[in-house]
Amino acid sequence: MTRRGIRLQSVNAALTPSLKRGTGIVVLFAMIAIAMKAETDKHDNSARFDTDSKAIGIDNRCSACISHDITDFVGELRDSHRRIKGIGGILTSKIKTGTIKWSWEDDQGVIHNFIIPNSYYVPDTKVRLLSTQHWAQTQKDTKPKQGTKGITNANNITLEWKQGKYKRTISLGRENNVATFYLAPGYKKFKAFCTEIGPSSQNDIDPILACETGIVSDEDESPETQVGFTDKDKDVWKPATEPQQFDLNVSSDEETAEMVDNEEDRQTVTDASLLLKYHHKFGHMSFTKLQLMAKIGVLPKRLTKCNIPTCSACMFAKATKRAWRGKPSKAYIPPIAKQPGELVSVDMMVSPTPGLVAQITGTLTKQRYKYATVYVDQPTRIGYIYLQKSATAEETIKGKIAFEMYAKSNGVQIQAYHADNGIFRANKWVAECKRAKQNLSFAGVNAHYTNGLSEKRIRDLQDQARTMLIHANHRWPKCISTNLWPYAMRMANDAINNAPSLQNKARKTPLQLFSNTNVHPNMKHYMPFGCPAYVLDAKLQSNLPFHKWKTRSKVGIYLGRSPQHSKNVALILDRTTGLISPQFHIAFDQSFSTTKQDYFDSMWQTKAGFNEPKKVKEKIITKAIARILANRNVQTAETLKEDLQSSEGANKRAHDQIDQPPDRETTQSEGANNNKTLTGTPEIHAKHVQTLQRVGNANPLPERAPQTNTDNEIGMTIPNDINGRVNLTSNSSQSHLIEAMHTEILACTSQGIPGEIFCLEALYPESSLEAMEMDRDPFLAYKATADPDTLYHHQAMKAPDRDKFLLAMQKEIDDQMKHGNFTLMLRSEVPLGEIILPAVWQCKRKRDILTRLIKKYKARLNVDGSKTIKGIHYEQTYSPVASWNSIRLLLTMTAVHNWHTKQLDYVQAYAQAPIEKTLYMQIPRGIQIPGANKDEYCLKLHNNVYGAKNAGRTWNKFLMNKLINELGFKQSQYDECVLYRGTTMYVLYTDDSLLAGPNEKEIDQIIVDLRKAKLELTIEGDLQDFLGVNIERKSDGTIHLTQPQLIDQILEDLKMTKDNVTTRLTPAKSSQILSRHTESESFDNSFNYRSVIGKLNYLERGSRSDISYAVHQCARFTTDPKKEHGEAVRWLARYLKGTKDKGTILRPNKGENMVVYVDADFAGNFDSKETQDIDTARSRHGYIIIYEGCPISWKSQLQGEISLSSTESEYTALSYALRETIPIMEMLKEMKQLGFPVASNTPTIKCKVFEDNSGALEIATNHKIRPRTKHLNVKLHHFRDYVTRGEIIIKKIGTLDQAADYLTKPVNQQILEKLRKIIMGW
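Asker: What's the story with helix α24 (residues 802-818) in this structure? I'm lost.
Answerer: Each turn of an α-helix holds 3.6 residues, which means side chains three or four residues apart point in the same direction. Compared with an ideal rise of 1.5 Å per residue, which puts 17 residues at 24 Å, α24 spans 24 Å between its outermost C-alpha atoms and is within 8% of the ideal. Among all positions in α24, only F805, A808, M809, E812, I813, D815 and Q816 are buried. Summarising the axial view, the buried residues of α24 lie within an arc of 160°, below the 170-degree limit, and thus occupy one face. Across α24 from its buried face, at more than 90 degrees, point the exposed residues D803, L807 and K818. For α24, the secondary structure elements touched by its buried residues are β25 (790-792), α23 (793-798), β26 (822-826), β28 (839-847) and β29 (854-863).

Written out as structure tokens, the structure reads:
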């Protein structure tokens, strides 16, 4: 046991007696002991990126707040006579009282200041403690309620203040169960440090140490191993055995390390200062690695042997304890995994400071980056960071997918993960690894060091990011804040990946090892983090007229390289709007020298919600006016006031007016033009692209990109020829690419935070497509199918009948080319702002429903519609299809009158219609076009295409125009997809259609006319299979509707295909009503509950009204199924197995009018154990509509309203049933007027509605307003006119004769068989 562990045990032992005595102050020291233990806990992935924030613990047993730091107090400290009994019985009397001033951030990152009087200064405690009750009592936040408080639950403590408007949530420590958070971040200590060591300090007694001993460096690649050097490295600088010392005040003839403080001010460029500049550009990388880069030629070779400078930011940010004794170096032990991707370490870092979420456009979100998942490939040491707003399994899995796509782009397949516990133990993460067939191992409990590689990387990234932030904030404090840590982390990771690996004998970089390439990093693509970036004005970028006396650029903040673009495209933060955009036409001030000339006011912190808006104070303006009047004569004070508020050069203006939108530099007319100018795209794009960032808000995407970048030895490109100029020679293809990718980001993030740059969807726009190809989880936006005969491209290519699919794919391409649906086009010629959409193959085996034999192989080329944007690629998407009611009505008319039928299928249906708006698509997989590289060429679409969001609507409008205006069809007023011509009825469902009528020659002529209208179609023959339902006409005139193939799929999903599976005689237990069963075990996921419910629902709607009640009851619980729900689904499947070949028989009873059976079960779901479930109070109704003896429609439905009586529930059921009945009645009227033989035995259509509730019957037939039922008047009495006219006749029916009874409740076998015979015919 370590000495520290022994001390903690003794502390706990000493505390025990005092705790028993109930001494409140002893609890304080218990808290201290726990806090001390927390400080010794090595496994701490909570990152800090500043120098000022300090830990503070929460203890509601303290009577007052306590601090050991006198700088926390404001005002005078007073002596206190209190005595504290501390550890080991030691009495502490050095106590003073005073007023503490603490600042901390809320959950959104806004800093708040708190004055807490009557607090204790106890220097011996060495800890800060927040007494929540003391804090709340001193804030005077009691009206209208107590608004300042601390709330504790099992996982965290929440602090609330200002009437609950602001909150800070502090998680309880995983190891110590204590809530600890940090005070507001800042960099005051570093500034004091720089002042102390700066050139102005002439009386330094102790010289400054200039070596890397005691500084955490990337050289340490593992927690326990120190890296040795081989003989090959003799020319590379090495740390000395003893620290080298130098004195700033004494010159020495010995060769010592150079201290280059604020090297930007130096006029003479030495090798040491040059090396230091590279150190700043490369994310404060260790000098050892920089000299290795010089040795291999990435940097000037003369830097290999130069003196090592000292970086003040690194000294402050990376400092650690010096070893108190020597430690023998250990030989490097190579990892067990040899190949990239063989084993990846993963861990999660949490930041107490919320990070800015980068957005290209839109209103800045209040969501924050709070976590970062770090992946480290063990063989190559390459790292990957995924920024997260939460630590949920779903978002962590997105990061896993992003990392795997990054690996895939480098030709690496991830095989296994080694993780810490926590979120990586979540069922969803484990299931995702299993699904991807990846091994998963964990660090031992309380043995986090076994995952040391990722923990060490987190520490290195944290240190480098902190160093970059300190360096940038010291030079540009107004614009750089700790909230930019996510981008400093990414830049640090990028630097590590591109720096030589000390573990590799060849000194290759992790990226070279991972991607198996020898490409070295280009240093001109690296700039110091946070440095000023001068972005060329939008009009100049677009080659538009520009006022020669206006400033030609605007200053932004450099946040690293863009992840979506080439390496020379930078991400620039707009100081005014907080938006971040990729830019190319930029000049960088790498030395921050221009910040000394102008402080560049910053408003992005307020726009993003990190600062509270401040209003202009009149007295401040008045003082400023008086100050100006003293120096010059001005006509009026009012003029000066306006001048002060509008002057762009005033350094303080933006801070004072930060709540006001910035003044535009253009007139209103110019501003209107800028929407078009800044984007370089037509006006239709403006509302989506929104110029990325508007003038005054930010700069737009460039239209032209430079071919060359002229710079000095280290790539310095600073405006006004400080060290060089940028060549703005245009490169249209580069600009086109940036514009297209920008628009693509907007499209990909339309469902989340608009324009978010670092989410999975934006980092990898093809992620949804890849997810389809890789069979990803459903939370990624794509529509999956459980049909084994529907395959994506990669699945079809692995199938044994892949040759058949290849032929089908070739046929699809040939047909597309034959019709001129697309042409080949250079990507560089695609208009600016247009997205080149991915292409998706859908392959399908079409089988005979009864025999299950494959009758056709089909391949369909789709465009990925999820990437399209409303208003740019489409306007409306609604496309009508025929209802089941219309389809069954046609079948009934066919059965009653023995009509002739024909089934039609349109070839390449969607592609027969012209495209509504021009689209561009990638060359699909599996297709080789001679001379056309997929990276250089794409397809321009001329005709409508499958997959587009408006494809169905475009096809429907095109076909309806042909049918109605060219071929003389009359469209039904009650179903848009039912048409008539002569005595023929036509029903359309997308591209499948039915023709039925008494005259076969008329049907044949219609087909001829369709082809003359240039509609390509195939005749599928007489009715057979339609929409997955087998339609069989029997010799006795009946029509049988069955779906055996769908039942087989359901049984396969449930693994119940074997002959020994027991069958059931009813679809559900008649003695049990399903409820939520909240106290029961969760469903075991032995089958895909949602998928099976979806299939059961389609089966019920197609042909099986007998399972309606059971299916709808099971469907209610898909969000959280329990064990009982899974058992109910299996029971239903056993019933289907015994009735697989059964369905609905249309046995016409010619001359019988329409009959509707309506029933309701009043509060039949009530469960006294589920009092929190409002659905148990709802009633369920069901109805069946029958015409000429054949069922046309049926439904089992839980009522939306809570009925107050059985009469109300029955009457509600009657109303719902007639909402569907009346359109069918009207359609029959319409058909009769057109000469169709409809119920010729009566002059008008009349409907009998059988009701078994006398109260409902009375309300429906006797139209009086009653006090207890007047609330039903408006909503439910819509059908009364039909009753008055005699078109609906409502009759009472006995409960035993109610055919709709099995739609409202589970019934026994006897009732089921009786009603099934009446309705379904068997």
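Text resumes after the structure shown.
Asker: Would you explain the sheet that holds strand β36 (residues 992-997) in this entry?
Answerer: Where strands meet in a sheet, backbone hydrogen bonds hold them as pairs that are either parallel or antiparallel. Strand order in the open sheet made by the six strands is β33-β34-β35-β36-β30-β37, with antiparallel pairing throughout. For this open sheet the edge positions go to β33 (970-971) and β37 (1017-1021), each flanked by a neighbour on one side alone. Summarising the sheet, strand β30 (residues 900-906) and β36 pair through six bridges and their orientation is antiparallel. Bridge pairing in β36 links L904 to S993. The strands touched by helix α25 (residues 884-897) are β30, β34 (978-981), β35 (984-989) and β36; relative to β35, the strand with the most contacts, the crossing angle is about 150°. Across the face of the sheet, helix α26 (residues 951-966) comes into contact with β30, β33, β34 and β35 while running at roughly 170° to β35.

Asker: Sorry, what's going on with the side chain of S1196 here?
Answerer: Within the secondary structure, S1196 is located in strand β44 (residues 1190-1198). The exposure class assigned to S1196 is buried, which follows from its relative accessible area of 1%. A polar atom in the side chain of S1196 sits 3.0 Å from the side chain of R1180. With residues up to four places along the chain from it excluded, the contact list for S1196 reads S1108, Y1109, H1112, R1180, H1181, G1182 and L1303.

Asker: I keep staring at the environment of R466 and nothing clicks. Help me out?
Answerer: By the secondary structure assignment, R466 is in helix α10 (residues 452-475). Sequence separation between R466 and T482 is 16 residues; the distance between their C-alpha atoms is 8.5 Å.

Asker: What is the right way to look at the pattern of salt bridges in this model?
Answerer: Should their charged atoms come close, side chains of opposite charge can pair. Taken as a whole, this structure holds 34 salt bridges when the rule is applied. Salt-bridge contacts for D789 lead to R845; the nearest nitrogen and oxygen are separated by 3.2 Å. Within this pair, whereas D789 is found in the loop between α22 (767-774) and β25, its partner R845 is found in strand β28, the two being separated by 56 residues in sequence. The class of R845 is buried, set by a relative accessible area of 11%. Here D815 makes a salt bridge to K811, at a shortest N to O gap of 2.9 Å. One end of the pair, D815, and the other, K811, are both in helix α24, four residues apart, so they sit about a helical turn from each other. Assessed through its relative accessible area of 14%, D815 is described here as buried. What emerges from the salt-bridge pattern is a single network uniting K400, E404, E432 and R435.

Asker: Quick question: what am I supposed to make of the pairing of strand β17 (residues 383-388) here?
Answerer: Within a regular strand, side chains alternate between the sheet's two faces. The buried count for β17 comes to six of six residues, which makes it a mostly enclosed element. Side-chain alternation along β17 places G383, I385 and L387 on one buried face and Y384, Y386 and Q388 on a second face that is also buried. Sheet topology places strand β16 (residues 369-377) next to β17; six bridges connect them, and they run antiparallel. Counterpart to V374 in the pairing with β17 is I385. The loop that links β16 with its antiparallel partner β17 comprises five residues; one of these, R381, has a positive phi angle of about 65°.

Asker: What am I meant to see in helix α9 (residues 427-435) here?
Answerer: The complete set of buried residues in α9 reads W429, E432 and C433. Taken end-on, α9 shows its buried residues confined to a sector of 95°, consistent with a single buried face. Those residues of α9 that are exposed and aimed more than 90 degrees away from the buried face are N427 and K434. Of the surrounding secondary structure, the elements contacted by the buried residues of α9 are β15 (344-355), β16, α8 (393-409), β18 (416-419) and β19 (439-442). Backbone geometry just after α9 places K437 at a positive phi near 60°.

Asker: Would you explain the packing of aromatic side chains in this entry?
Answerer: Aromatic rings in a pair are described by how distant their centres are and how their planes are angled relative to each other. All chains considered together, the criterion is met by 31 aromatic pairs. Arranged with centres 6.2 Å apart and planes meeting at 75°, the rings of W604 and F610 form a pair that is edge-to-face. Assessed through its relative accessible area of 0%, W604 is described here as buried. Ring centres of W899 and F1236 lie 5.9 Å apart, and the angle between their planes is 55°; on these two criteria the pair is classed as tilted. One end of the pair, W899, is in the loop between α25 and β30; the other, F1236, is in the loop between α32 (1206-1233) and β45 (1247-1251), and 337 residues separate them in sequence. Comparing W899 with F1236 shows no difference in burial state: the two are buried. Taken together, the ring pairs connect Y375, Y384, F403, Y406, Y417, F424, W429 and F514 into an aromatic cluster. Its guanidinium or amino end placed over the ring of Y946, R860 lies 3.8 Å from that ring's centre, counting from NZ or CZ. Across the ring face of Y1216, the terminal group of R1219 is positioned such that the distance to the ring centre comes to 4.2 Å.

Asker: Whenever I open this one, the sheet that holds strand β11 (residues 166-171) confuses me. Can you help?
Answerer: Across the sheet, which stays open at both edges, the three strands sit in the order β9-β10-β11 with antiparallel pairing between neighbours. Each edge of the open sheet is held by one strand with a lone partner, namely β9 (149-152) and β11. With direction set aside, neighbouring strand axes in the sheet form an average angle of 20°. Pairing of β9 with strand β10 (residues 156-161) involves four bridges; the strand directions are antiparallel.

Asker: How should the confidence of the model for the protein be read in this particular structure?
Answerer: If pLDDT is low for a region, its predicted coordinates should not be looked at in detail. Averaged over every residue, the pLDDT of the protein is 75; the share at 70 or more is 72%. Below pLDDT 50 for its whole length, residues 1-43 participates in 53 contacts with residues either more than four positions away or in separate chains. A low-confidence stretch, residues 616-625 stays under pLDDT 50, and its non-local contacts, those more than four residues away or across chains, total 13 contacts.

Asker: Teacher, can you tell me more about the environment of P838 here?
Answerer: Structurally, the position occupied by P838 is in the loop between β27 (836-837) and β28. By relative accessible area, P838 is classed as buried at 2%. In this structure the C-alpha to C-alpha distance between P838 and R925, which are 87 residues apart in sequence, comes to 9.8 Å.

What counts, and at which threshold
- Residues numbered from 1 in each chain as written.
- Predicted model: local features only at pLDDT ≥ 70, side-chain atom pairs only at ≥ 80, totals over all residues.
- Heavy atoms only, no water.
- Helix = DSSP H or I, 4+ residues; strand = E, 2+ residues; numbered from the N terminus.
- Expected span 1.5 Å × (residues − 1).
- Buried < 20%, exposed > 50% of the residue type's maximum accessible area, 1.4 Å probe, protein only.
- Arc of directions from axis to C-beta.
- Contact = heavy atoms within 4.5 Å.
- Pairing = 2+ DSSP bridges.
- Axes fitted to C-alpha atoms, helices over the stretch in contact; angles between N-to-C directions.
- Polar contact = N/O pair within 3.5 Å; in protein donor to acceptor, adjacent residues only side chain to side chain.
- Salt bridge = Lys/Arg side-chain N within 4 Å of Asp/Glu carboxyl O.
- Phe/Tyr/Trp six-rings, centres within 6.5 Å; stacked < 30°, edge-to-face > 60°.
- Lys NZ or Arg CZ within 6 Å of the ring centre and 35° of its normal.
- pLDDT = per-residue confidence, 0-100.

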